[in-house]
Amino acid sequence: MARKRDPRPRHQQIAAEIRALIMSGDMPPGQRLPTTAQLMERYQVTSQTVQRTLGVLKEEGFLVGRAGVGVFVRGEAPLAIQPAAYMPPADGQDPYRWMTEAERRSQQGAVDLLSVEEVRPPQRIAEFFELGEDGRAVRRRQLLLLDGEPVELADVFFPAELAHGTALTENKRIRGGAPKLLADLGYPPDEWVDRVSTRLPTSEELKLLELPDDAPVLRTLRVVYGAGRPVQAEVLIKGGHLYELMYQQDIRRP
């Protein structure tokens, strides 16, 4: 079988190689890139191709230019998000886990509640909730920010029959967050399943998350269970070029 040829423009091919080196740590934060002339020689391309390559990586946030000095790998490594840290209910009236985890990293977290409405959920979520054809769910759409920058779009669904009569249906933030409210209702989250995939963003996601044109997104479909039933489902969208998901499991046996 013939080996498939990379059909992308040359500047995108080179950008992919440099991006991989940065994400692997082989080009660490703060490292200065070779000069334009050196990159031209290394990749056998024109100055224009090199500039287009650097432009792509600067727009994605992988590189920063310093006038009169050069181009450098950004100063921070990709942000590793550990999903398990956000699952336990907040204690008492503590802020959302999103805020407390951001503070732990010396960042400022914020949540912008975009809408709350009763909807027919996407088919896969309707199946998880075991809803009939006319089954409904409450959707809370949120935009999560770090240091004022949008980083994640979250569509959070709850079965309508469970949400009715609770703060889940109100167009305001829930004190202590949804996990605490569910725990107070007798459904403390005790299990969750993530399905993670990648794709290109929709026009709405591109706009809300202020993504570069060619950046893919990480899509997490999460189902949360409490008291033996699915009580919450989330579709989480974040820029795949700057964030990592970190899962940790103790596999030692007693």
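Residues numbered from 1 in each chain as written. Predicted model: local features only at pLDDT ≥ 70, side-chain atom pairs only at ≥ 80, totals over all residues. Heavy atoms only, no water.

**Here we look at the overall build of the protein chain**
The secondary structure content of the protein chain amounts to 8 helices and 10 strands. Projected onto its principal axes, the C-alpha coordinates of the protein chain cover approximately 65 × 45 × 45 Å. Counting over 254 residues, the protein chain shows a buried share of 44%. Here the analysis covers contacts within the protein chain between residues at least 6 apart in sequence; of these, 61% occur between residues at least 24 apart. Roughly 14500 Å² of accessible area belongs to the protein chain as shown, and the carbon and sulfur atoms make up 48% of that amount. (Helix = DSSP H or I, 4+ residues; strand = E, 2+ residues; numbered from the N terminus. Buried < 20%, exposed > 50% of the residue type's maximum accessible area, 1.4 Å probe, protein only. Contact = heavy atoms within 4.5 Å. Areas by Shrake-Rupley, 256 points an atom, 1.4 Å probe, with all protein chains shown as cover.)

**Quick word on the environment of Arg 104**
Along the chain, Arg 104 turns up in helix α4 (residues 97–104). We classify Arg 104 as exposed; its relative accessible area is 58%.

**Some remarks on the nonpolar core**
In this structure, Tyr 96, Trp 98, Val 111, Leu 146, Phe 158 and Leu 168 are the most contacted members of the largest nonpolar core, which totals 28 residues. Among the elements of the structure, β3 (79–81), α4, β4 (109–119), β5 (137–146), β6 (149–159), α6 (160–163), α7 (178–184) and β9 (229–239) are those that each provide at least two residues to this core. Excluding residues within four positions of it along the chain, Val 111 makes contact with Tyr 96, Trp 98, Met 99, Gln 142, Leu 143, Leu 144 and Arg 173. Grouped together as the second largest cluster of nonpolar side chains are 17 residues, Ile 14, Ala 15, Leu 33 and Val 73 included. (Core = buried A, V, L, I, M, F, W, Y, C linked by side-chain atoms within 4.5 Å.)

**Describing the packing of helix α1 (residues 10–24) against helix α3 (residues 47–59)**
It is the contact of α1 with α3, at a shortest axis distance of 8 Å, that shows an interaxial angle of 50 degrees. When the interaxial angle is binned, α1 and α3 end up oblique. Of the two possible hands of crossing, α1 and α3 adopt the one that is right-handed. Contacts between α1 and α3 involve Arg 10, His 11, Ile 14, Ala 15, Ile 18 and Arg 19 from the former and Thr 49, Arg 52, Thr 53, Val 56 and Leu 57 from the latter. (Axes fitted to C-alpha atoms, helices over the stretch in contact; angles between N-to-C directions. Parallel < 35°, antiparallel > 145°, perpendicular 65-115°, else oblique. Left-handed = near helix turned anticlockwise from the far one by under 90°.)

**Regarding the packing of aromatic side chains**
Going through the model one piece at a time under the given rule, you end up with 1 aromatic pair. When the ring centre of Phe 72 is taken as origin, the NZ or CZ atom of Arg 66, which lies over that ring, is 4.1 Å away. (Phe/Tyr/Trp six-rings, centres within 6.5 Å; stacked < 30°, edge-to-face > 60°. Lys NZ or Arg CZ within 6 Å of the ring centre and 35° of its normal.)

**Structural notes on the sheet that holds β6**
In a beta sheet, neighbouring strands pair by backbone hydrogen bonds and run either parallel or antiparallel. Pairing in this open sheet of 6 strands is antiparallel, and the strands run β4-β5-β6-β9-β8-β7 from one edge to the other. Looking at strand neighbours, the two that pair on one side only are β4 and β7 (189–199), the edges of this open sheet. Shown here is a sheet whose adjacent strand axes are inclined to one another by a mean of 20 degrees, direction ignored. On top of the sheet, α4 reaches β4, β5 and β6; it is set at about 160 degrees to β4, its chief contact. (Pairing = 2+ DSSP bridges.)

**Regarding the environment of Ser 197**
In this structure, Ser 197 sits in strand β7. The spacing of Ser 197 and Ile 237 is 40 residues in sequence and 10.0 Å in space, taken between C-alpha atoms. Setting aside its immediate chain neighbours within four residues, Ser 197 contacts Val 217, Leu 218 and Arg 219.

**Some words on α1**
Counted at 1.5 Å a residue, the expected span for α1 with its 15 residues is 21 Å, and the 21 Å between its end C-alpha atoms agrees. All of the buried residues in α1 are His 11, Gln 13, Ile 14, Ala 15, Ala 16, Ile 18, Arg 19 and Ile 22. Phi turns positive one or two residues past the end of α1, at Gly 25, with a value near 90 degrees. (Expected span 1.5 Å × (residues − 1).)

**Some thoughts on α3**
When the terminal C-alpha atoms of α3 are compared, their 18 Å separation across 13 residues agrees well with the 18 Å that a helix rising 1.5 Å per residue should span. All of the buried residues along α3 are Thr 49, Val 50, Thr 53, Leu 54, Val 56 and Leu 57. Summarising the axial view, the buried residues of α3 lie within an arc of 155 degrees, below the 170-degree limit, and thus occupy one face. Looking at α3, the residues exposed on the side facing more than 90 degrees away from the buried face are Gln 48 and Glu 59. If you follow the buried residues of α3, they end up packed against α1, α2 (36–43), β1 (63–66) and β2 (70–73). (Arc of directions from axis to C-beta.)

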